[in-house]
Amino acid sequence: MLPEIWNSPYSNDCFPVYAEDIDAGGEASPSTAMLSEAAGLLKVTIVGGSIPERSGDRLYNTCCVFDSDGKLKAKHRKIHLFDIDIPGKITFIESKTLTAGETPTIVDTEVGRIGIGICYDIRFQELAIIYAARGAHLICYPGAFNMTTGPLHWELLQRARAADNQLYVATCSPARDVAAGYVAWGHSTLVGPFGEVLATTEHEEDIIIAEIDYSLLEVRRTNLPLTKQRRGDLYQLVDVQRLKSDS
Ligand SMILES: O=C(O)CCC(=O)C(=O)O
């Protein structure tokens, strides 16, 4: 797994410059070609962080997932754009340059059923609930939290998504570069289905390698049978996409 916007500085000025046309006539863009080749050579599934994607006259923040043959299995366009304003701390308006994606993305891979979200997507618990309901074992969120929200929210949100939905959550952030226009919090992490941090790192360049045991999903769901205890008679979340595809 790679971080959010790993092929470009994180800025609205840079997104158009570094954007790649991922679907261009069936040919892979330079960054996705590299990921595809790496996945195929190493025989691993890659959740390819995200890059700015150009599609016609629009730009998206897009994560590509490759299987161990190097085939592009899924493409997730960030569906919640990072438009926030915390005066004196951080203001970022992704919607100045980017368009929001329109579909949740869940993909069956050799290493499990994976739901994909990109950074700000992690704040929307409904997306994680829908992924869990569709059988996700793991949700991967490439991200780049910042020095204001990172310390308070980065781990909290990951643990909440994992504990609420009783699945694994993996995040990957760029390392911190204090000279950059956007200073990332770092701290890539893997959280287990009990909300436990299984592996994490600081803000320097690093690689996390950890084992995931999907049999624990069943254990935790038996320990705490939340799904059975939900009060569907009082509240329900509608999976609009599934509803549309069923009808
Ligand atoms: O939600 C946050 O605080 C940070 C989100 C973010 O940096 C992003 O979506 O790129």
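Residues numbered from 1 in each chain as written. Predicted model: local features only at pLDDT ≥ 70, side-chain atom pairs only at ≥ 80, totals over all residues. Heavy atoms only, no water.

*Asks:* Looking at this structure, how should I read the overall build of the protein?
*Replies:* When its secondary structure is counted, the protein shows seven helices and twelve strands. For the protein, whose C-alpha radius of gyration is 18 Å, the value lies close to the compact-globule estimate of 18 Å for 247 residues. On the principal axes, the C-alpha backbone points of the protein span a range of 50 × 45 × 40 Å. Buried residues in the protein amount to 46% of all 247 residues. Considering only contacts within the protein whose residues lie at least 6 apart along the sequence, 61% involve residues at least 24 apart. Accessible surface, the protein as shown: approximately 12700 Å² in total, 54% of it carbon and sulfur. For the protein, the distance from the average position of its 23 positive side-chain charges to the average position of its 33 negative side-chain charges is 7 Å. (Helix = DSSP H or I, 4+ residues; strand = E, 2+ residues; numbered from the N terminus. Rg over C-alpha atoms; globule rule 2.2 N^0.38 Å. Buried < 20%, exposed > 50% of the residue type's maximum accessible area, 1.4 Å probe, protein only. Contact = heavy atoms within 4.5 Å. Areas by Shrake-Rupley, 256 points an atom, 1.4 Å probe, with all protein chains shown as cover. Lys, Arg positive; Asp, Glu negative; His and termini not counted. Charge placed at Lys NZ, Arg CZ, Asp CG, Glu CD.)

*Asks:* Would you mind going over the nonpolar core with me for this structure?
*Replies:* Counting residues in hydrophobic clusters, the biggest one holds 33 residues, and the most contacted among them are Val47, Val65, Ile114, Ile116, Cys140, Phe145 and Leu167. Among the secondary structure elements, those contributing two or more residues to this core are strand E3 (58-66), strand E8 (112-116), helix H3 (125-133), strand E9 (138-142), helix H4 (149-165), strand E10 (168-172) and strand E11 (189-191). Not counting residues up to four positions away in its chain, the partners in contact with Ile114 are Val47, Thr105, Ile106, Val107, Thr109, Leu138 and Cys140. Counting 14 residues, the second largest nonpolar core, distinct from the first, contains Leu59, Leu81, Ala144 and Tyr182. (Core = buried A, V, L, I, M, F, W, Y, C linked by side-chain atoms within 4.5 Å.)

*Asks:* I tried to follow the site of the ligand on my own but got confused; where do I start?
*Replies:* Near the ligand, the surroundings consist of Glu4, Tyr10, Lys78, Phe82, Cys119, Tyr120, Arg123, Ala144, Phe145, Asn146, Thr149 and Tyr182. In this structure, an oxygen atom belonging to the ligand sits 2.9 Å away from a main-chain N or O atom of Ala144. Contacts to the ligand include Tyr182, whose side-chain N or O atom sits 2.8 Å from an oxygen atom. Compared with its free state, where it exposes 290 Å², the ligand has 100% of that area covered by protein. The class makeup of the residues in the shell around the ligand is seven nonpolar, two polar and three charged. (Near = heavy atom within 4 Å. Polar contact = N/O pair within 3.5 Å; in protein donor to acceptor, adjacent residues only side chain to side chain. Nonpolar A, V, L, I, M, F, W, Y, C, P; charged D, E, K, R; others polar.)

*Asks:* What's the story with the side chain of Thr105 in this structure? I'm lost.
*Replies:* Along the chain, Thr105 falls in strand E7 (residues 105-109). Overall, Thr105 belongs to the buried group, its relative accessible area being 8%. From its side chain, Thr105 meets the backbone oxygen of Thr103 in a polar contact 3.5 Å long. Among residues more than four places away in sequence, those in contact with Thr105 are Ala74, Lys75, His76, Ile114, Gly115, Ile116 and Tyr131.

*Asks:* How should I be thinking about the pairing of strand E6 (residues 90-93) in this particular structure?
*Replies:* Side-chain direction in a regular strand flips from residue to residue, so the side chains alternate between the two faces of the sheet. Because side chains alternate across E6, one face comprises the buried residues Ile90 and Phe92, and the other comprises Thr91 and Ile93, none of which is buried. Judged from the four bridges that link them, strand E5 (residues 83-86) and E6 form a sheet pairing that is antiparallel. Bridging from a neighbouring strand, Ile84 pairs with Phe92 of E6. Counting the residues that bridge the hairpin from E5 to E6 gives three residues, and of these Gly88 lies at a positive phi of roughly 80 degrees. (Pairing = 2+ DSSP bridges.)

*Asks:* Looking at this model, I keep getting lost on the pattern of salt bridges. Mind explaining?
*Replies:* Oppositely charged side chains may form a pair once their charged atoms are brought near each other. The final tally for this structure, using the stated rule, is nine salt bridges. Between Asp233 and Arg231 there is a salt bridge whose closest N-O contact spans 2.8 Å. Take Asp233: its relative accessible area is 57%, and that puts it in the exposed class. A single salt-bridge network, built from bridges that share partners, covers Glu4, Lys78 and Glu94. (Salt bridge = Lys/Arg side-chain N within 4 Å of Asp/Glu carboxyl O.)

*Asks:* Would you take a moment to explain the environment of Phe124 for this structure?
*Replies:* Turning to its location among the elements, Phe124 is positioned in the loop between E8 and H3. The class for Phe124 is partly exposed, based on a relative accessible area of 27%. Measuring from C-alpha to C-alpha, the distance between Phe124 and Ile84 comes to 14 Å, with 40 residues separating the pair along the chain. Those residues in contact with Phe124 that sit more than four places away from it in its chain are His80 and Arg161.

*Asks:* When you look at the side chain of Arg134 in this model, what are you seeing that I'm missing?
*Replies:* Along the chain, Arg134 turns up in the loop between H3 and E9. For Arg134, a relative accessible area of 12% gives the class buried. A polar atom in the side chain of Arg134 sits 2.8 Å from the side chain of Gln241. Ignoring sequence-local partners within four residues, the contact set of Arg134 consists of Ile106, Arg113, Asp239, Gln241 and Arg242.

Read these as spatial facts, not as claims about activity.
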